[in-house]
Amino acid sequence: MVMQSGTIRILGIDPGLRLTGFGVIEKIGEKITYIASGTIKTASGKKSKVEGEPEREELPARLKIILDGLFEVIDTYQPNQVAIEKVFVNVNPQSTLLLGQARGAAISAAVIRNLTVAEYTALQVKQAVVGNGHAQKEQVQEMVKRLLKLPAAPKPDSADALACAICHAHGGQGLGLMATAGFRVRGGRLVG
């Protein structure tokens with residue numbers, strides 16, 4: 001794929017152990033254009049039984065599916081940069097750890113392909129795309145649809161990935177690198 005000079009192609013990733021959303025956009029000047037989006041599904045059908053735990057998919061196999069799927073996306077769409085959502089601390093610590101491993105597989109795919117990775121909190125992404133850091137999923141889907149001029153709202157995981165890419169495209173390059181030590185977030189904004 002040949003891109004115009006000054007074009008940035010951004011891969012947004014919404015990591016998840018069952019579904020990892022991806023979205024690819026292009027930025028030329030201030031204009032953003034939709035390229036592709038979808039999900040990587042990790043349901044492999046292989047189950048394991050650990051004493052004291054319910055049956056679950058084999059974690060290493062699921063992480064490999066995420067890694068391989070993102071390699072395919074990167075090789076197909078040739079992004080210049082990657083934007084990924086940061087893990088939030090969940091009520092269930094086990095879920096947070098599993099999500100962190102899925103996120104690690106996604107970051108590894110980008111780094112192995114020598115891509116720069118920027119990280120954003122869900123609050124930063126929603127603030128950049130909707131204007132409200134506490135927006136609902138449906139609001140994010142609708143704004144992604146409008147901003148990218150899509151015929152229909154993308155599915156939630158794809159919409160979140162596209163929103164992450166849009167956040168990065170709209171000046172997010174500075175947001176992800178911004179020093180936030182000594183600040184806290186109130187109403188979706190950093191305050192001292």
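Residues numbered from 1 in each chain as written. Predicted model: local features only at pLDDT ≥ 70, side-chain atom pairs only at ≥ 80, totals over all residues. Heavy atoms only, no water.

Peer 1: Lay out the overall build of the protein in plain terms, naming residues and giving numbers.
Peer 2: Assigned secondary structure in the protein consists of five helices and nine strands. For the protein, the α and β elements follow one another from N to C terminus as β-β-β-β-β-α-β-α-β-α-α-α-β-β. A buried classification covers 40% of the 192 residues belonging to the protein. When contacts within the protein are restricted to residue pairs at least 6 apart in sequence, long-range pairs at least 24 apart make up 56% of them. Of the roughly 10500 Å² that the protein leaves accessible, carbon and sulfur atoms contribute 55%. (Helix = DSSP H or I, 4+ residues; strand = E, 2+ residues; numbered from the N terminus. Buried < 20%, exposed > 50% of the residue type's maximum accessible area, 1.4 Å probe, protein only. Contact = heavy atoms within 4.5 Å. Areas by Shrake-Rupley, 256 points an atom, 1.4 Å probe, with all protein chains shown as cover.)

Peer 1: For the nonpolar core, give the residues involved together with the corresponding values.
Peer 2: With 21 residues, the main nonpolar core has Leu-11, Ile-13, Ile-66 and Leu-70 as its most contacted residues. Put simply, the parts of the chain that give this core at least two residues each are β1 (7-14), β2 (19-28), α1 (59-77), β6 (81-85) and α2 (93-112). With seven residues, α1 is the largest single contributor of residues to this core. Apart from residues lying up to four places away in sequence, Leu-11 is in contact with Phe-22, Gly-23, Val-24, Val-73, Ile-74, Pro-79, Gln-81, Val-82 and Ala-83. The next biggest cluster of nonpolar side chains, apart from the first, holds 20 residues, and it includes Ile-10, Ile-25, Ala-135 and Leu-148. (Core = buried A, V, L, I, M, F, W, Y, C linked by side-chain atoms within 4.5 Å.)

Peer 1: How would you summarise unusual backbone geometry if you had to cite specific residues and measurements?
Peer 2: Of note in the backbone geometry, Asn-114 takes a positive phi value of approximately 60° without being a glycine. Relative to the elements of secondary structure, Asn-114 occurs in the loop between α2 and β7 (116-120). Look at Asn-114 and you get exposed, because its relative accessible area is 70%. Unlike most non-glycine residues, Lys-149 shows phi in positive territory, near 55°.

Peer 1: How would you explain the pairing of β2 if you had to name every residue and give the values?
Peer 2: Counting buried residues in β2 gives eight out of 10 residues, a clear majority hidden from the surface. Pairing analysis gives eight bridges linking β1 to β2, with the strands arranged antiparallel. Among the inter-strand pairings, Thr-7 is bridged to a residue of β2, identified as Ile-28. The antiparallel pairing of β1 with β2 creates a hairpin that spans four residues between the two strands. Pairing of β2 with strand β3 (residues 31-41), which is carried by 10 bridges, proceeds in the antiparallel orientation. Within the sheet, the bridge partner assigned to Lys-27 lies in β3 and is Ile-32. Connecting the antiparallel pair β2 and β3 is a turn made up of two residues, with Gly-29 showing a positive phi of about 65°. (Pairing = 2+ DSSP bridges.)

Peer 1: Go over the sheet that holds β3, please, and point to the residues and values.
Peer 2: Strand order in the open sheet made by the five strands is β3-β2-β1-β6-β7, with mixed pairing throughout. Taken across any chain shown, the strands that pair with only one partner, and hence form the sheet edges, are β3 and β7. Each neighbouring strand pair of the sheet contributes to a mean axis angle of 20°, computed without reference to strand direction. Lying on the sheet, α1 is in contact with β1, β2 and β3; it crosses β3 at an angle near 150°. (Axes fitted to C-alpha atoms, helices over the stretch in contact; angles between N-to-C directions.)

Peer 1: Report on α1, specifying residues and quantitative values.
Peer 2: With 19 residues, α1 should cover 27 Å at 1.5 Å per step; its first-to-last C-alpha distance of 27 Å lies within 8% of that length. Of the residues making up α1, those classed as buried are Leu-59, Arg-62, Leu-63, Ile-66, Gly-69, Leu-70, Phe-71, Val-73 and Ile-74. (Expected span 1.5 Å × (residues − 1).)

Peer 1: Quick one: what's the story with the confidence of the model for the protein, residue by residue and with numbers?
Peer 2: The predicted model of the protein has a mean per-residue pLDDT of 83, with 78% of residues at 70 or higher. Segment residues 50-55: pLDDT under 50, and six contacts once partners within four positions in sequence are set aside and those in other chains are kept. When the criterion is pLDDT under 50, residues 173-183 qualifies, and its contacts beyond four places in sequence or with other chains add up to 15 contacts. (pLDDT = per-residue confidence, 0-100.)

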